[in-house]
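Each chain, written out:
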Amino acid sequence: MGKLYLNQDLIEKARHSASVIADQINEFVDKRSTDTIERTLLRLMGIDGANSEGIPYVNLLVDHLKEQGNLDEGAVKWVCRAMITYGISAQEVANAVDQNKIDWVACKGVSEEEVKELGYKLAKSGLEQIKRQREERNKYLERLGEGNQPYLYVIVATGDIYEDVIQAQAAARQGADIIAVIRTTGQSLLDYVPYGATREGFGGTYATQENFKIMRKALDEVGEEVGRYIRLCNYSSGLCMPEIAAMGAVERLDVMLNDALYGILFRDINMQRTLIDQAFSRMIIAYAGIIINTGEDNYLTTADAVEAAHTVLASQFINEQLAKRAGLKEEQMGLGHAFEINPDFEDGFLLELAQAQMVRQIFPNAPIKYMPPTKYMTGNIFKGHIQDAMFNFVGMLTGQGIQLLGMMTEAMHTPYMQDRQLSIENAKYVMNNIRHLSEEIQFLRGGRLEKRANEVLEKAAKMLDDVEQLGLFKAIEQGMFADVKRSFVGGKGLDGVFDKRDDYFNPFEELLKRELGVGGKVNEH
Amino acid sequence: MGKLYLNQDLIEKARHSASVIADQINEFVDKRSTDTIERTLLRLMGIDGANSEGIPYVNLLVDHLKEQGNLDEGAVKWVCRAMITYGISAQEVANAVDQNKIDWVACKGVSEEEVKELGYKLAKSGLEQIKRQREERNKYLERLGEGNQPYLYVIVATGDIYEDVIQAQAAARQGADIIAVIRTTGQSLLDYVPYGATREGFGGTYATQENFKIMRKALDEVGEEVGRYIRLCNYSSGLCMPEIAAMGAVERLDVMLNDALYGILFRDINMQRTLIDQAFSRMIIAYAGIIINTGEDNYLTTADAVEAAHTVLASQFINEQLAKRAGLKEEQMGLGHAFEINPDFEDGFLLELAQAQMVRQIFPNAPIKYMPPTKYMTGNIFKGHIQDAMFNFVGMLTGQGIQLLGMMTEAMHTPYMQDRQLSIENAKYVMNNIRHLSEEIQFLRGGRLEKRANEVLEKAAKMLDDVEQLGLFKAIEQGMFADVKRSFVGGKGLDGVFDKRDDYFNPFEELLKRELGVGGKVNEH
Amino acid sequence: MSIDFTKIKPYGDTVNDGAVQLSFTLPVPYGDEAKEAAKLIAKKMGLEEIQVYHMKDLGENFTFFILYGKLIHSIDFTKIKVSKLENKRMDFYEINRKIEEEIKRKIKVVGACTGTDAHTVGIDAIMNMKGYHGEYGLERYQMIEAYNLGAQVSNEDLLAKAIEVDADVILVSQVVTQKGIHLSNLTELVELVEAAGLRKKVLLICGGPRINHELALELGYDAGFGSGTVAADVASFIVDQMIKRNIT
Amino acid sequence: MSIDFTKIKPYGDTVNDGAVQLSFTLPVPYGDEAKEAAKLIAKKMGLEEIQVYHMKDLGENFTFFILYGKLIHSIDFTKIKVSKLENKRMDFYEINRKIEEEIKRKIKVVGACTGTDAHTVGIDAIMNMKGYHGEYGLERYQMIEAYNLGAQVSNEDLLAKAIEVDADVILVSQVVTQKGIHLSNLTELVELVEAAGLRKKVLLICGGPRINHELALELGYDAGFGSGTVAADVASFIVDQMIKRNIT
Ligand code: B12
Ligand code: B12
Ligand SMILES: Cc1ncc(COP(=O)(O)O)c(C=O)c1O
Ligand SMILES: Cc1ncc(COP(=O)(O)O)c(C=O)c1O
């Protein structure tokens with residue numbers, strides 16, 4: 001039991017509902033695949049690059065197979081057939097398709113057995129790369145060590161990967177533990193992943209494999225210098241969720257934003273599409289030893305933080321169960337929440353503290369991701385800096401896992417170099433100054449904090465019960481999350497969803513499920 | 001019993017030692033008077049103004065009587081004699097002395113009875129003025145009300161009383177409860193009080209009766225507008241301590257810095273002089289219903305806040321007993337302490353919290369004056385603003401009485417108008433945001449905070465025991481406070497001390513003692 | 001204190017002291033030379049008595065500074081003319097009444113947050129039923145027909161919708177401004193509207209936290225609204241303009 | 001990122017973006033005109049793309065602003081020459097040894113915080129036994145005879161003491177700088193020392209948190225020391241100068 005008395009029955013009830021909800025989703029997901037999942041498999045089979053028009057080969061190939069009406073058997077099969085038929089590599093198949101040189105009818109001659117054999121072989125070596133990076137990370141961590149929790153997480157968002165590198169290295173020196181490269185505004189709606197190093201983004205920098213590589217190298221370098229492994233974060237979300245997960249796994253990213261609900265609600269991505277994508281992307285992430293960050297904190301940017309606190313908790317329960325089914329360990333579940341109560345609200349701090357402590361206790365092993373004030377930040381940078389300090393106070397006092405540092409300029413611009421330094425300084429000062437305070441204080445039994453926490457918990461349990469009855473899809477249609485309504489067939493990307501044929505083949509998924517020990521239903525506890 | 005378990009025996013022991021120390025001091029003080037005390041009496045008898053050379057008439061008169069060798073009988077007597085002899089007012093006596101027109105020998109003819117009768121009459125009407133102002137304050141408070149504790153206390157320090165007025169009114173509108181007009185650097189060592197409105201000071205503005213009046217009027221005006229009585233603070237300290245106390249009493253100041261120990265240690269004022277001055281000034285202040293602020297917080301600007309915390313507490317105990325003997329009620333004892341631990345000290349916040357809570361519990365009815373970080377403020381205004389926020393947090397959490405707001409520019413300049421506004425905003429935000437937090441948390445029995453508090457308490461009790469053995473004078477000579485040594489006969493102002501003759505007459509003191517119910521020894525509890 | 005409004009200077013604690021605080025980062029290595037560089041920058045800005053309050057090595061050969069100084073420049077406050085919306089602000093009831101009486105039909109308004117910008121809260125605050133800060137949004141006005149297309153809407157789609165419903169007013173929200181992306185988005189829309197020959201027919205209004213009326217005018221819009229706007233501000237302007245321009 | 005050191009500009013997140021933050025108060029009533037006034041001030045300082053991030057009515061017709069903008073000015077970093085103390089910094093032991101070997105007698109130093117300034121901590125940090133930041137103060141140096149007169153010392157008294165002990169060096173601390181009081185205090189001392197015909201004979205050194213070497217030279221001192229100084233910095237300079245000037 002933690003510091004705050006919480007109704008354990010309610011916790012169990014909520015978790016049970018979430019488990020049922022997750023099973024419902026999983027059942028739906030299991031029967032389907034998407035264009036980006038297929039592209040992911042091709043990437044893991046070694047296909048990379050873009051053609052002369054800038055179209056990534058994996059898109060070219062998947063679109064091509066789709067046109068042929070062949071995609072629902074799985075792209076892997078067809079590429080294997082071509083590889084065997086022509087005796088060429090996967091990449092060569094892609095190039096050949098670009099030049100219209102593959103005769104797919106001719107490829108049908110290859111036996112199912114041969115196809116599968118090659119498929120499993122490629123899948124194995126694809127996953128091998130990921131495993132190597134996971135091991136590499138562990139070696140780094142062993143050798144260099146890491147910062148204490150809460151990890152100090154800061155963003156870089158210049159739009160130019162080379163400026164990002166400077167800002168990231170400076171931040172690491174100043175004390176950051178995690179560097180997140182924010183994506184340009186448009187990217188989540190792109191149904192392909194741009195290629196190469198990029199220098200022109202808005203409010204962020206394109207997520208490309210080359211950019212990942214450049215930043216990973218920069219952080220490894222500075223990590224050596226400061227004697228601390230510096231984690232790299234990017235976004236496995238949007239229309240290319242699993243592809244980016246794979247790229248992140250291969251380039252040794254350590255943390256990835258990954259949450260279908262976020263995409264549905266805040267990017268208007270079709271719910272079927274992104275939930276299917278999420279299930280597969282999370283397996284890759286699980287296998288890669290990456291920590292996911294979920295996005296329920298965002299609900300409080302549109303809904304009120306006092307009124308809607310329980311929706312965040314409910315979503316965390318759902319995300320926990322979905323994550324479990326993809327093989328993620330609790331230690332990889334960076335469930336999101338946020339410090340978003342109006343600063344002028346009397347006793348607002350008490351409510352924030354109650355929520356943070358409650359979340360900490362309900363998910364004791366998860367590296368909870370705690371988001372700073374954003375909605376009520378204003379151009380008053382001096383007041384903003386104190387709001388961030390209060391946030392850092394709560395983060396430390398309640399032992400959050402990942403502290404996403406607030407910037408005093410949040411209301412106005414993406415961080416300048418100095419903003420980030422001041423923000424890290426803020427966190428280091430406050431956290432060090434109250435280091436052991438949490439061991440010294442107890443919350444009044446039956447007091448305001450306890451009452452608030454249990455109220456939120458009760459509402460969340462009730463909401464999950466409702467969602468369980470409705471199903472998650474309907475619940476979203478009714479606007480139960482973030483005050484936003486999305487329809488089952490609306491939004492972007494539904495055309496990329498297809499039903500798997502009976503003979504659909506995805507050796508990566510099969511191997512991953514085996515490795516991760518997931519498959520049928522997973523027990524909720 | 002409060003929130004923090006404190007050793008009550010130690011508190012009692014410390015209070016007892018302080019009581020003995022105060023009695024020792026009082027015995028010494030009772031036999032002596034000073035030039036400035038005599039000038040104070042003359043002021044209260046109605047003498048004001050300065051001669052053509054700018055010398056205040058009260059100085060002129062007292063110096064004159066001293067030259068004549070007559071001062072040790074008390075200035076009141078001689079002025080009464082002259083008034084009766086010449087049939088003129090006190091002010092006219094002063095003017096006449098300036099023109100060398102008084103024949104003191106001729107004055108000796110007046111009977112002792114007549115002198116005393118006039119003396120008591122003048123004293124009565126002098127005190128009457130003070131009483132009227134006390135009643136006026138009460139009326140204002142009743143009609144307009146006041147801010148909640150902790151009162152937000154800010155300084156103005158432009159050097160120009162008219163700029164001060166603007167800054168003070170702006171601050172009141174922004175939410176300040178107490179405005180302190182800081183004095184110019186040189187004033188505490190002046191053995192006279194300058195006259196009239198002044199516009200040229202350094203690091204502060206001259207304390208003059210006219211300046212008091214101007215500011216009082218300005219605050220009354222703005223108080224009406226904001227619907228809150230705004231308190232005015234100035235310094236009854238330095239070589240003219242009692243004179244300024246009287247001026248403050250007459251001009252309805254509400255708070256006065258008043259602490260002999262401060263003058264001794266930080267202004268090198270002779271200890272005999274200022275302790276004698278303090279005793280009388282405190283009676284005036286007590287009668288005027290003014291809150292004193294003591295200055296032990298300053299010890300931590302020269303000594304280390306962790307090491308020397310107990311010296312602050314010891315000094316508070318002494319100040320409490322000295323104040324009691326001058327008739328001050330607990331509600332008037334703004335005992336000082338400060339948030340001065342190095343911000344980079346791990347768990348420094350815990351120690352600050354322990355100290356503030358301890359002081360709150362030991363002096364439950366005193367409007368404890370809590371000073372902000374100053375020593376470890378730097379030119380980094382952003383970090384400074386957070387240090388101030390942490391200070392505001394502790395002030396609110398422990399229920400301090402008077403929160404002297406820190407300024408983010410503390411290390412560099414006296415406050416600009418915007419600094420003060422940001423600082424008030426800081427306090428209001430933090431205090432409102434954690435309004436009832438203190439009711440929600442308990443400190444661990446036997447934990448770090450309790451240990452720290454009792455350690456400080458124990459050291460303070462031990463120190464007071466030592467001081468009781470040595471006497472306060474010797475203790476100061478040995479450098480037991482603030483790491484500063486001062487000698488019994490060194491420093492400024494000793495030449496203004498004299499032994500009262502047996503027939504010394506001070507009707508003001510007699511009346512005050514009667515009104516305040518002090519006189520012989522006062523019981524320590 | 002008497003202030004000379006023809007020579008207004010910053011104020012710290014004494015009239016005309018010119019006190020200004022500034023902070024910035026320079027891409028130079030920490031050290032005495034960096035400090036001097038910061039002072040030279042401040043000097044070029046017109047500061048005297050420059051004091052470096054704080055400097056910090058940011059690593060990577062960047063140095064951060066906090067400075068204070070006394071500004072030599074002053075400005076003439078009496079000459080300032082701000083281009084403001086001139087219409088008077090009406091309330092919900094007045095606006096509906098005025099439309100009914102003077103325009104005599106419903107006003108059609110189409111709005112969106114355009115380009116890749118996904119911030120809906122601002123445009124929702126103006127358009128959705130529930131509104132903002134206790135003021136109803138445009139959808140709630142009986143005499144206004146409001147179409148809120150949401151966020152991430154291309155300028156083409158927005159224009160198409162405006163044509164489809166024969167809109168009187170187009171509302172555009174822009175929240176992301178990094179690298180001037182809002183400027184190109186906003187300019188593109190004006191060009192599209194002009195190319196479609198509709199510039200005279202529709203009122204073009206933009207808004208967002210970093211938008212102001214002046215900027216809007218410069219970009220070719222009829223009005224621009226910043227932080228804290230509520231629906232009634234916009235509706236008042238619309239009604240006023242439509243009457244003035246005789247768009248009925 | 002390649003930086004052109006002849007054209008250094010402030011940096012926010014892109015080379016040469018010129019990003020600068022500033023804040024100040026204007027003695028004008030809160031409102032649109034005030035906002036415009038603030039922008040005009042910023043423009044005069046050389047800023048473009050000026051954004052008022054925050055403005056606040058301070059009451060009494062004063063308004064506070066926080067602005068960001070892009071600076072048009074740049075400076076030539078390659079041309080910067082800072083007048084620095086040129087002597088090398090020695091440690092306690094080296095200094096004592098050097099005095100013994102080259103000056104061959106104790107150096108006499110008199111110090112005080114002058115005028116009405118009562119801040120002793122700074123001068124104590126340099127002179128007292130225990131020193132500062134783990135470095136011994138001058139009193140601890142066997143080869144230095146140090147007289148610390150404390151604070152609130154008049155220039156006359158300081159000079160008198162210097163003459164009395166036949167001092168080689170006078171140290172002055174000035175912490176309070178409001179309305180330039182330190183400048184008059186420091187100037188007065190130089191004049192007194194010159195009038196006494198001692199200027200060539202003694203080293204005059206000042207220090208304090210808002211003092212720097214350049215300012216000291218301007219005022220006619222031999223050196224000036226700012227925040228963070230320790231005794232060894234001062235002693236190194238003294239020894240170096242005395243040897244250079246052949247004061248033995
Ligand atoms: C909420 C929020 C989000 C939410 C948006 C949810 C949603 N559905 O809208 C989420 C979390 C999804 C989000 C995401 C991002 N955001 Co965002 N976000 C914010 C935040 C915290 C608040 C914005 C807000 O809702 N304000 C409240 C509304 C009511 O105010 P408003 O928009 O100013 O609207 C008012 C007026 O401006 C005006 N108005 C607005 N539009 C219009 C239109 C008309 C016609 C009229 C008349 C008036 C008008 O009236 C409104 C009511 O008064 C701000 C920071 C902040 N504190 O301001 C950052 C901020 C706007 N975001 C920012 C960024 C960069 C992003 C991302 C691009 C980051 C990334 N790379 O992931 C993403 C992607 C978004 C995208 N593709 O555009 C930056 C923009 C920087 C810049 N200057 O370019 C900000 C400033 C944060 C920062 N410092 O980095 N964000
Ligand atoms: C402690 C302190 C006090 C203490 C002083 C105790 C004492 N015995 O010294 C007390 C509480 C008494 C005090 C009072 C006042 N103070 Co005071 N005080 C401070 C404070 C908090 C710290 C100063 C300090 O001790 N620094 C630590 C020392 C080690 O640093 P330092 O002085 O910079 O010294 C170093 C270097 O500068 C250098 N150095 C200094 N002198 C010399 C000399 C030589 C020869 C050399 C080589 C080097 C050298 O070496 C030192 C070691 O590295 C500052 C604010 C701050 N955080 O800085 C305000 C501050 C200095 N005080 C200030 C003021 C205005 C006052 C008062 C005038 C206020 C009033 N009207 O009541 C009074 C009166 C004092 C007076 N008559 O002078 C202002 C000055 C504003 C200005 N720029 O003019 C400050 C900046 C606070 C503020 N923002 O208002 N103060
Ligand atoms: C879960 C999640 N995914 C993604 C994003 C970023 O948005 P985008 O994917 O559009 O870059 C966020 C933003 O905070 C998020 O919380
Ligand atoms: C008790 C006390 N008196 C006086 C002062 C002010 O000093 P001065 O009297 O020199 O103006 C202070 C300063 O903080 C103080 O604490």
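Residues numbered from 1 in each chain as written. Chains lettered and ligands numbered in written order. Predicted model: local features only at pLDDT ≥ 70, side-chain atom pairs only at ≥ 80, totals over all residues. Heavy atoms only, no water.

It is not clear to me how the coordination of the cobalt atom of ligand 1 should be interpreted in this structure. Could you clarify?
The textbook angles at a metal center are 109.5 degrees for a tetrahedron of four donors and 90 or 180 degrees for an octahedron of six. Looking at the protein side alone, the cobalt atom of ligand 1 has one donor only, C:His119 (NE2), at 2.2 Å. Mapped onto the elements, C:His119 comes out in the loop between strand E4 (107–113) and helix H3 (121–127). (Donors = N, O, S within 2.8 Å, 3.2 Å for Na, K, Ca; no water. Helix = DSSP H or I, 4+ residues; strand = E, 2+ residues; numbered from the N terminus.)

Just checking my understanding: could you explain the site of ligand 3 for this structure?
All names here are of chain A. The full set of residues close to ligand 3 is Arg-183, Ser-188, Tyr-235, Ser-237, Leu-257, Asp-259, Tyr-262, Arg-267, Gly-295 and Asn-298. A distance of 2.7 Å is found between an oxygen atom of ligand 3 and a side-chain nitrogen or oxygen belonging to Ser-188. Coverage of ligand 3 by the protein chains reaches 89% of its 380 Å² of free accessible surface. (Near = heavy atom within 4 Å. Polar contact = N/O pair within 3.5 Å; in protein donor to acceptor, adjacent residues only side chain to side chain. Areas by Shrake-Rupley, 256 points an atom, 1.4 Å probe, with all protein chains shown as cover.)

Whenever I open this one, the sheet that holds strand E7 (residues 333–334) of chain A confuses me. Can you help?
Sheets are built from strands that pair by backbone hydrogen bonding, the pairs being arranged parallel or antiparallel. Residues and elements named next belong to chain A. The strand order across the open sheet built from nine strands is E7-E6-E5-E4-E3-E2-E10-E9-E8, with neighbouring strands paired in parallel fashion. Sheet topology places E7 and strand E8 (336–338) at the edges, where each strand pairs with a single neighbour. Bridge count between strand E4 (residues 231–235) and strand E5 (residues 255–257): three bridges; the pairing is parallel. Note on E5: the bridge partner recorded for Tyr-235 is Leu-257. Packing against the sheet, helix H15 (residues 348–362) makes contact with E8 and strand E9 (369–371), and its axis sits at approximately 165 degrees to E8. (Pairing = 2+ DSSP bridges. Contact = heavy atoms within 4.5 Å. Axes fitted to C-alpha atoms, helices over the stretch in contact; angles between N-to-C directions.)

I keep staring at the relation of the copies chain A and chain B and nothing clicks. Help me out?
Superposing the two chain copies requires a rotation about an axis and a translation along that axis. If you rotate chain A by 180 degrees and push it 0.0 Å along the axis, it lands on chain B with an RMSD of 0.0 Å. On this basis, the relationship between the two copies can be described by a two-fold rotation axis. Residue A:Gln442 of chain A places its C-alpha closer to the rotation axis than any other residue of that unit, at 2.5 Å. Here 100% of the contact residues of chain A are again contact residues in chain B; the copies associate through an equivalent surface. (Least-squares fit on C-alpha atoms with pLDDT ≥ 70 in both.)

Is there a simple way to explain the UniProt feature "domain: D-Lysine 5,6-aminomutase alpha subunit" (unreviewed entry) in chain A in this structure?
Taking the numbering used here, the UniProt-annotated feature "domain: D-Lysine 5,6-aminomutase alpha subunit" (unreviewed entry) corresponds to residues 5–511 of chain A. Segment residues 5–511 of chain A splits into 55% helix and 8% strand. End C-alpha atoms: 43 Å apart. (UniProt positions renumbered as here; feature names shortened; annotations may be inferred.)

I tried to follow helix H16 (residues 381–397) of chain A on my own but got confused; where do I start?
Along an α-helix, residues three or four positions apart point the same way, because every turn accommodates 3.6 residues. All names here are of chain A. In this model, H16 (17 residues) spans 24 Å end to end at C-alpha, consistent with the 24 Å of a helix rising 1.5 Å per residue. The element H16 is extensively covered by neighbouring structure, given that 17 of its 17 residues are classed as buried. One or two steps after H16, the chain reaches Gly-399, where phi turns positive at roughly 65 degrees. (Expected span 1.5 Å × (residues − 1). Buried < 20%, exposed > 50% of the residue type's maximum accessible area, 1.4 Å probe, protein only.)

When you look at the interface of chain A and chain C in this model, what are you seeing that I'm missing?
Many structure descriptions define interface size as the accessible area lost when the parts assemble. Taken together, the contacts link 29 residues of chain A with 20 residues of chain C. Surface buried jointly by chain A and chain C totals about 2000 Å² across both partners, of which 53% is contributed by carbon and sulfur atoms. The largest share of the area that chain A buries against chain C comes from A:Thr185, A:Phe202 and A:Gln418, three residues that together contribute 25% of it. The residue A:Asp483 makes a salt bridge to C:Lys130 at a minimum N-O spacing of 3.8 Å. There are 11 residue pairs in polar contact (both at pLDDT 80 or more) connecting chain A and chain C. Where the side of chain A that touches chain C is concerned, the elements lending two or more residues are helix H8 (161–174), helix H11 (260–267), helix H13 (299–302) and helix H17 (417–433) of chain A. Looking at side-chain class alone, the side of chain A that touches chain C contains 11 nonpolar, 13 polar and five charged residues. (Buried area = accessible area lost by both parts, 1.4 Å probe. Salt bridge = Lys/Arg side-chain N within 4 Å of Asp/Glu carboxyl O. Nonpolar A, V, L, I, M, F, W, Y, C, P; charged D, E, K, R; others polar.)

Would you explain the nonpolar core in this entry?
Considering soluble globular proteins, one finds that nonpolar side chains tend to be buried as a cluster. Ranked by size, the top nonpolar core spans 379 residues in total, and within it A:Phe481 and B:Phe481 carry the most contacts. Setting aside residues up to four positions removed in sequence, B:Phe481 forms contacts with B:Leu265, B:Tyr299, B:Thr311, B:Ser315, B:Ile318, B:Met463, B:Val467, B:Leu472, B:Ala475 and B:Ile476. (Core = buried A, V, L, I, M, F, W, Y, C linked by side-chain atoms within 4.5 Å.)

Sorry if this is basic, but what is going on with the site of ligand 1 here?
Looking at ligand 1, there are 48 residues lining it, with A:Arg183, A:Thr374, A:Glu410, C:His119 and C:Thr229 nearest. Flanking ligand 1 are residues from chains A and C. For the shell around ligand 1, the secondary-structure elements that each account for two or more residues are H11 and H13 of chain A together with H3, strand E6 (169–173) and strand E7 (203–207) of chain C. Among the elements that take part in the shell around ligand 1, H3(C) stands out by supplying four residues, more than any other.

Any chance you could explain a negative patch on the surface here in plain terms?
Residues and elements named next belong to chain C. Judged by side-chain charge, Glu-156, Asp-157, Glu-188, Glu-191 and Glu-194 come together as a negatively charged surface patch. Elements supplying a minimum of two residues to the negative patch: helix H4 (155–165) and helix H5 (181–195). Sort the elements by how many residues they give to the negative patch and H5 lands first, with three residues. On the basis of relative accessibility, which here comes to 43%, the residue Glu-156 falls in the partly exposed class. (Patch = residues over 30% accessible without salt bridge, like charges linked within 9 Å, V, L, I, M, F, W, Y side chains within 5 Å. Lys, Arg positive; Asp, Glu negative; His and termini not counted. Charge placed at Lys NZ, Arg CZ, Asp CG, Glu CD.)

I tried to follow the confidence of the model for chain A on my own but got confused; where do I start?
Parts of the model with low pLDDT should not have their predicted coordinates read in detail. Per-residue pLDDT for chain A has a mean of 96; in total, 98% of the residues score no lower than 70. Throughout residues 521–525 of chain A the model reports pLDDT below 50, and contacts reaching past four residues in sequence, or to other chains, amount to 12 contacts. (pLDDT = per-residue confidence, 0-100.)

How should the environment of B:Leu41 be read in this particular structure?
Residue and element names in this part refer to chain B. Tracing the backbone through its elements, the reader meets Leu-41 in helix H2 (residues 35–44). For Leu-41, a relative accessible area of 0% puts it in the buried group. Each C-alpha atom, one on Leu-41 and one on Lys-428, is 42 Å from the other, the two residues being 387 residues apart in sequence. With sequence-adjacent residues up to four places away left out, Leu-41 is seen in contact with Val-76, Phe-280, Tyr-504, Asn-506 and Phe-508.

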